[in-house]
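Here's the letter readout for the chains.
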Amino acid sequence: MYQHPTVSFMGFQLCSHAPFSIPIHHKFQLSISRDFRRTRVPKPRGMQQEEEPKPSGKVRVPHVLTVAGSDSGAGAGIQADLKACAARGVYCSTVITAVTAQNTVGVQGVNVLNEDFVREQLNSVLSDMRPDVVKTGMLPSPGIVKVLCESLQEFQVRALVVDPVMVSTSGDVLAGPLILASFREELLPLADIVTPNLREASTLLGGLPMETVADMRSAAKSIHDIGPRHVLVKGGDLLASADAVDVLFDGKEFYEFRSTRIKTLNTHGTGCTLASSIAAELARGSSVLSAIKIAKRYVESALDYSKDILIGGGRQGPFDHLMQLKNNALSLRVGRPFDPSDFLLYAVTDTAMNKKWGRSMGDAVKAAIEGGATIVQLREKDAETQDFLEAAKTCVEICRSHGVPLLINDRIDIALACGADGVHVGQSDMPARVARSILGPDKIIGVSCKTPEQAEKAWTDGADYIGCGGVYPTNTKENNITVGLDGLKTVCLESKLPVVAIGGIGISNAKPVMELGVPNLKGVAVVSALFDRESVSTEAQNLLRVIVDATKAVK
Ligand SMILES: Nc1ncnc2c1ncn2[C@@H]1O[C@H](COP(=O)(O)OP(=O)(O)O)[C@@H](O)[C@H]1O
Ligand SMILES: Cc1ncc(COP(=O)(O)O)c(N)n1
Ligand SMILES: [Mg+2]
């Protein structure tokens, strides 16, 4: 049995109250080709793994296998992973590596499972249930890492998410210093994404200081050299930063994921939750970037919701993964992941214009999409709720069949009821933060803004984009203040979110808007230019050409 040295590890004195022991194993060399994880084709797995015909009418559900430790307090570990996957609508199976006696005060005991039994669990799940993604948490001994790597070689999965858990936030050691070599040499080179927190990143790199976002970037780069395809250094503990900022490096580019820092001590398990939510989104088919974005929002919403809950008397409480979000799991966005290039030609409907030209809402939307509209918003100020809902359901079907996102103006109830991709709200409508808490982390939320201050608020409220205008005078809004091209440019330069220009834009004046050439101006939103015309699809076609040409010209 390995006894911990009484030195400090990761800046923590090893806890005397944790009766912690880790079995020691011979060092081993595992020759896994870096390429095996790139192979997405499942390899043949013996007689009983032959592809059996699925009974008709059955569907495969996205599935994450978590290989982690049990937290008796259920804030972190296996329990957090199960709840996070459940909240995200993904099936989660579990291989337990250790059982901890743990609460809001700290870790009182650790019982590491025998590695043969870890192997048996891995075999049971992987040979039969074929998870899409494996996520790892507490891996308390090099022997367990070895068993896991061997299993991953035998049974291939679409992605491996490694949360290199070493010390709990309470300061108790969950995997001793011997694990470092196993992580570096065996596990990290197989990972599609590794998610160290500040201390773990520092420890993986031999004690590098981690005090600034610049430190996080250089750590992400150095850890990438160890072999994982993506490195996400989490900054939950970077107290110098007012935002909760995480830094991703994919071998080429750095990305910063920022969200509001929620004022709460109920953060036990955020790391496990983030990693399993990323795994869940990857299992649902998202790219790494959108998986991180959604996972981070989910953690933020759950923390916000749980900021005042009281569980246990210790310093760091768990948060509630499911309470408010359980309704939202039923209304997850089923369309493809959202992309700011969707804003190029944003068609906004108008009841009066449809009436004038004798079109139903569905016909108007269909014509706009056929002409090239890239996103649609239903803006119905006078419709009866029931009529609006029926028409909105038809439009959802039309948009979905063309892969075009559909948003609803103002009416969050209609958006939920018809399964739209999101909402657009004005300054006097439902605040975006409230809309976000009702709609969940992955619906699209847009906010109308005229000033940099409003744009900043939209960002802190968790919106996805802003609509800025009126750029030109318009007759679809009474008493609307015009911001002009200069006002638009000022807002774009200050906005942390993508911007769509709106207000009086049409074929004759769209060019100078797109020629502003500000990178986060992603397109124009139009009402009359499409819907107050005889042929909606021809107008859309012509307008899209102008926008695309102007965008190309400034690139
Ligand atoms: N107070 C907070 N408000 C918002 N997000 C947070 C907060 N604390 C942590 N996070 C986020 O939770 C995730 C886990 O980060 P972190 O706490 O650094 O990891 P770990 O739990 O492994 O120490 C990250 O996305 C981080 O930005
Ligand atoms: C079984 C187990 N796994 C992981 C963590 C890390 O979570 P945190 O960093 O939030 O304490 C933990 N405390 N317990
Ligand atoms: Mg944390």
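All values derive from a computational prediction rather than experimental measurement.

Novice: Help me understand the pattern of salt bridges in this model?
Specialist: Any two side chains of opposite charge can pair, given that their charged atoms come close. Considering all chains together, one arrives at 27 salt bridges under this definition. With its nearest N and O atoms 3.9 Å apart, the salt bridge here joins Glu390 to Lys393. Taken together, the positions of Glu390 and Lys393, both in helix H11 (residues 385–402) and 3 residues apart, correspond to about one turn of that helix. Here Asp464 ties to Arg436 by a salt bridge, and the two come within 3.0 Å at their closest N and O atoms. With Asp464 in the loop between helix H14 (452–460) and strand S19 (465–469) and Arg436 in helix H13 (residues 432–439), the pair connects residues that are 28 residues apart, well separated along the chain.

Novice: Got a minute to help me understand the pairing of strand S12 (residues 243–249) in this structure?
Specialist: Most of S12 sits inside the fold, with 7 of its 7 residues counted as buried. Side chains Asp243, Val245, Val247 and Phe249 of S12 all project onto a buried face; the interleaved residues Ala244, Asp246 and Leu248 project onto the opposite face, where all are buried too. The pairing of strand S11 (residues 230–233) with S12 spans 3 bridges and is antiparallel. Paired with Leu232 across the bridge in S12 is Leu248.

Novice: Mind showing me how you'd approach the site of ligand 2 here?
Specialist: As a structural note, the neighbourhood of ligand 2 is formed by 13 residues, with Gly69, Gln102, Thr169, His268 and Gly269 the closest of them. Note that a nitrogen atom of ligand 2 is positioned 2.7 Å from one of the side-chain N or O atoms of Gln102. Between ligand 2 and Gly269, the relevant distance is 2.6 Å, taken from an oxygen atom to a main-chain nitrogen or oxygen of the residue. Burial of ligand 2 by the protein chains amounts to 94% of its free accessible area of 360 Å².

Novice: Help me out: how do you make sense of unusual backbone geometry in this one?
Specialist: Cis geometry marks the peptide bond from Gly469 to Gly470; its omega dihedral reads -5°. Along the chain, Gly470 turns up in the loop between S19 and helix H15 (484–494). Backbone geometry places Asp410, a non-glycine residue, at a positive phi of 70°. Within the secondary structure layout, Asp410 lies in the loop between strand S16 (406–409) and helix H12 (412–418). Note on Asp410: relative accessible area 26%, which makes it partly exposed.

Novice: So what exactly am I meant to see when it comes to the confidence of the model for the chain here?
Specialist: Keep in mind that low pLDDT regions are not for reading the predicted coordinates in detail. On average, residues of the chain score 87 in pLDDT, and 86% of them reach the 70 mark or higher. Below pLDDT 50 for its whole length, residues 1–51 participates in 105 contacts with residues either more than four positions away or in separate chains. Here the predicted complex scores 0.67 on pTM and 0.94 on ipTM.

Novice: Please clarify how the environment of Gly227 should be interpreted in this entry.
Specialist: Among the secondary structure elements, Gly227 is positioned in the loop between helix H6 (213–226) and S11. Separated by 40 residues in the primary sequence, Gly227 and Leu187 have C-alpha atoms spaced 9.1 Å apart.

Novice: Which parts of the structure should I look at to understand the state of the cysteines?
Specialist: In a disulfide, the sulfur atoms of two cysteines are covalently bonded to one another. According to the stated counting rule, one finds 0 disulfides in the structure shown. We note that Cys418 lacks a disulfide partner, and the nearest cysteine sulfur, in Cys395, lies 8.6 Å from it. Counting only cysteine sulfurs, Cys468 is the nearest neighbor of Cys492, a cysteine outside any disulfide, at a range of 6.2 Å.

Conventions and cut-offs
- Residues numbered from 1 in each chain as written.
- Chains lettered and ligands numbered in written order.
- Predicted model: local features only at pLDDT ≥ 70, side-chain atom pairs only at ≥ 80, totals over all residues.
- Heavy atoms only, no water.
- Salt bridge = Lys/Arg side-chain N within 4 Å of Asp/Glu carboxyl O.
- Helix = DSSP H or I, 4+ residues; strand = E, 2+ residues; numbered from the N terminus.
- Buried < 20%, exposed > 50% of the residue type's maximum accessible area, 1.4 Å probe, protein only.
- Pairing = 2+ DSSP bridges.
- Near = heavy atom within 4 Å.
- Polar contact = N/O pair within 3.5 Å; in protein donor to acceptor, adjacent residues only side chain to side chain.
- Areas by Shrake-Rupley, 256 points an atom, 1.4 Å probe, with all protein chains shown as cover.
- pLDDT = per-residue confidence, 0-100.
- Contact = heavy atoms within 4.5 Å.
- Disulfide = S-S within 2.5 Å.

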